[in-house]
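# Per-entry structural report
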Amino acid sequence: MNSSKSPGLAGFGVLKNTTCHTEKKISVFFSIIFMTVGILSNSLAIVILMKAYQRFRQKSKASFLLLASGLVVTDLFGHLINGAIAVFVYASDKDWIRFNQSNILCSVFGICMVFFGLCPLFLGSVMAVERCIGVTKPIFHSTKMTSRHVKMMLTMVCLFAVLIALLPILRFRAYQIQASRTWCFYKTEHVEDWEDRFYLLLFSCLGFLALAISFLCNAVTGITLLRVKFKSQQRQGRSHHFEMIIQLLAIMCVSCICWSPFLVTMARIGVTQGGSKDTCETILFALRMATWNQILDPWVYILLRKAVLRNLYKITSGCCGVHVMNLHMWELSSIKNSLKVAAISESPGSSKQINLQPLTSLGQ
């Protein structure tokens, strides 16, 4: 595409000859595969959540179900909207001058990229905080973490993500067509203005902050569970928390591995003013890595459940022909008894039994 200007394109940058040359068929293939797999995975997760909500309507499980539902619904619409726009751009031969002279599509695309990028990270950190409170303060969680409070948190997270996404529009700084001409985002080429650098650094800092909160809360949750496990072993015998530990490790690993390249790339561009020669290829690779996080979210949060782990254990034991441990020893549901012990030890002198189930939703 030549470097001719048009009034509609003046607000978000001029398409230049120095574009990122990508194979069209491969790029279309990636976009369609990512969109299809993401939609199917999140749709399956929504169905599982609906069935779980019908089976378990206790207040202690409502918070996790609402947060998980918000996460998978956000991922679903992210794949649906962003994927549909990307496929349309490829189908139109990436001729932005022809179909986007008013800059509306690029602005919508950029807003969606920022919103559906930050919102899952924020929701992941909120879920980590909720799990941490449920483990460390089960009584407070069961009495104070109501559905109304969770809905308020979901609303505030979404509104904050919308505000960040609309910030360039409110400042009359439109989104830019990227060098690959396949998507829109903040300005990443020849970044010289402080405001353009601020948006890139703001996006990166918020993403890293969400990951740090998730990592910290999950670490506290894991350490607390291990301590409760050792205490419950002394008092009640067997206690295994494989399901919770696997979930925590999977959440931290998937989020950090998938999002770190994109966040680091945006921060590096904001600091170095986008002077790197391999910026386009790096951004495309990092963007695809970040997309995989939204594909894996439902499998980590929803499908990695007790029943699935138990079936996988049976299949693995049957294929190997060796029973590493007796199946009755793997008492994933013993987390409930362990939390009861922790709660009773937290409040000495309480003679009545405490029915604590703030975290059993994570195992369902």
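The rules we used
Here the residue numbers are simple positions, counted from 1 along each chain's written sequence. It should be noted that, the model being predicted, local features are given only for residues of pLDDT at least 70 and side-chain atom pairs only at 80 or more, the latter also being counted only at that level, while totals for whole chains, interfaces and linings use all residues. Side-chain measures were taken over the full set of non-hydrogen atoms in the model, leaving aside hydrogen atoms and water. Residue types Ala, Val, Leu, Ile, Met, Phe, Trp, Tyr and Cys, when buried and joined through side-chain atoms within 4.5 Å, form a set referred to as a nonpolar core. Type-normalised accessible area, obtained with a 1.4 Å probe on protein chains alone, sets the label of each residue: buried when under 20%, exposed when over 50%, and partly exposed for intermediate values. For the purposes of this entry, the term helix denotes a DSSP run of H or I that reaches at least four residues, the term strand denotes a run of E that reaches at least two, and both are numbered from the N terminus. In this analysis, two residues are considered to be in contact whenever any of their non-hydrogen atoms come within 4.5 Å of each other. Here a cavity denotes grid points, spaced 1 Å and computed from the protein atoms alone, that fit a 1.4 Å probe unable to get out, and a pocket denotes an open set having protein on both sides within 12 Å along at least 5 of 7 lines; residues with an atom within 4 Å of a point are the lining. Grid points are joined across faces, edges and corners, and a volume is the space filled by probe spheres set on the points. For this classification, the nonpolar set comprises Ala, Val, Leu, Ile, Met, Phe, Trp, Tyr, Cys and Pro, the charged set comprises Asp, Glu, Lys and Arg, and every other residue, Gly included, is treated as polar. One fewer than the residue count of a helix, multiplied by 1.5 Å, yields its expected span. UniProt positions are given in the numbering used here, feature names are shortened, and annotations may be inferred rather than shown by experiment. The patches reported here contain residues having more than 30% relative accessible area and no salt bridge. Joining distances are 9 Å for like charges and 5 Å for nonpolar side chains (Val, Leu, Ile, Met, Phe, Trp, Tyr). Per-residue and other accessible areas follow the Shrake-Rupley method at a 1.4 Å probe size, with only the shown protein chains counted as cover for residues. By definition here, a salt bridge exists when the distance from a side-chain nitrogen of Lys or Arg to a carboxyl oxygen of Asp or Glu is within 4 Å. Defined by distance alone, a disulfide is two cysteine sulfur atoms within 2.5 Å.

Take the nonpolar core next. Ranked by size, the top nonpolar core spans 64 residues in total, and within it Trp 96, Val 114, Trp 183, Phe 185, Tyr 186, Phe 203 and Phe 262 carry the most contacts. Top element by residues in this core is helix H4 (residues 104-136). It accounts for 15 residues. Sequence-distant contacts of Phe 185, defined by excluding residues within four places in its chain, comprise Met 113, Val 114, Tyr 175, Gln 176, Gln 178, Leu 200, Phe 203, Phe 262 and Met 266. Ala 250, Val 254, Cys 258 and Val 300 belong to the second-largest nonpolar core, a separate cluster that totals six residues.

This part takes up empty space enclosed by the protein. For the coordinates displayed, the defined rule picks out four cavities of 30 Å³ or more. Empty space within the largest cavity amounts to approximately 510 Å³. Lining the largest cavity are 29 residues, and of these Phe 34, Asn 82, Met 113, Leu 287 and Thr 291 lie nearest its centre. Within the lining of the largest cavity, the residues separate by chemical class into 17 nonpolar, 11 polar and one charged.

Before going further, it helps to examine H4. Under the 1.5 Å per step criterion, the end-to-end length of H4 is 48 Å for 33 residues, consistent within 8% with the ideal 48 Å. When you tally the buried positions in H4, you get 27 out of 33 residues, the bulk of the element.

Another point: the UniProt feature "transmembrane region" (unreviewed entry) in the chain. Per the UniProt record, "transmembrane region" (unreviewed entry) is found at residues 26-50, 62-90, 102-129, 150-170, 198-226 and 246-271. When the span residues 102-129 is considered, its composition is 93% helix and 0% strand, and the gap between its end C-alpha atoms is 42 Å. Taken as a whole, residues 198-226 contains 100% helix and 0% strand, while its terminal C-alpha atoms sit 41 Å from one another.

Here we come to a nonpolar patch on the surface. A contiguous nonpolar patch, built from Phe 160, Val 162, Leu 163, Leu 166, Ile 169 and Leu 170 and spanning about 470 Å² of accessible area, is present on the exposed surface. Locating Ile 169 in the fold gives a position in helix H6 (residues 147-170). Judged by relative accessible area, which is 32%, Ile 169 ranks as partly exposed.

What follows is about the state of the cysteines. Two cysteines form a disulfide when their sulfur atoms are joined by a covalent bond. On inspection of all chains with the given rule, the structure shows one disulfide. Put simply, Cys 106 and Cys 184 are joined by a disulfide, and their sulfur atoms are 2.3 Å apart. Looking down the S-S bond of the Cys 106 and Cys 184 bridge, the torsion is -125°, so its handedness is left-handed. Residue Cys 106 is found in helix H4, and its partner Cys 184 is found in strand S2 (residues 184-185); the two are separated by 78 residues along the sequence. A relative accessible area of 0% means that Cys 106 is categorised as buried. Since its relative accessible area comes to 0%, Cys 184 is described here as buried. Left without a disulfide partner, Cys 217 is nearest to the cysteine sulfur of Cys 132, which lies 4.7 Å away. Looking at Cys 217, the relative accessible area reads 13%, which means it is buried.

To continue, consider the pattern of salt bridges. Inspection of every chain in the model, using the stated rule, returns five salt bridges. Residue Asp 193 pairs with Arg 173 through a salt bridge whose shortest N-O separation is 3.2 Å. Taken together, the positions of Asp 193 in the loop between S2 and helix H7 (194-236) and Arg 173 in the loop between H6 and strand S1 (176-177) put the pair 20 residues apart, joining distant regions of the chain. Here Arg 173 makes a salt bridge to Asp 196, at a shortest N to O gap of 3.0 Å.

Along the polypeptide, Ile 85 turns up in helix H2 (residues 59-91). Under the relative-accessibility criterion, Ile 85 is labelled buried at 10%. Taking the C-alpha atoms as reference points, Ile 85 and Val 108, separated by 23 residues in sequence, lie 9.4 Å from one another.

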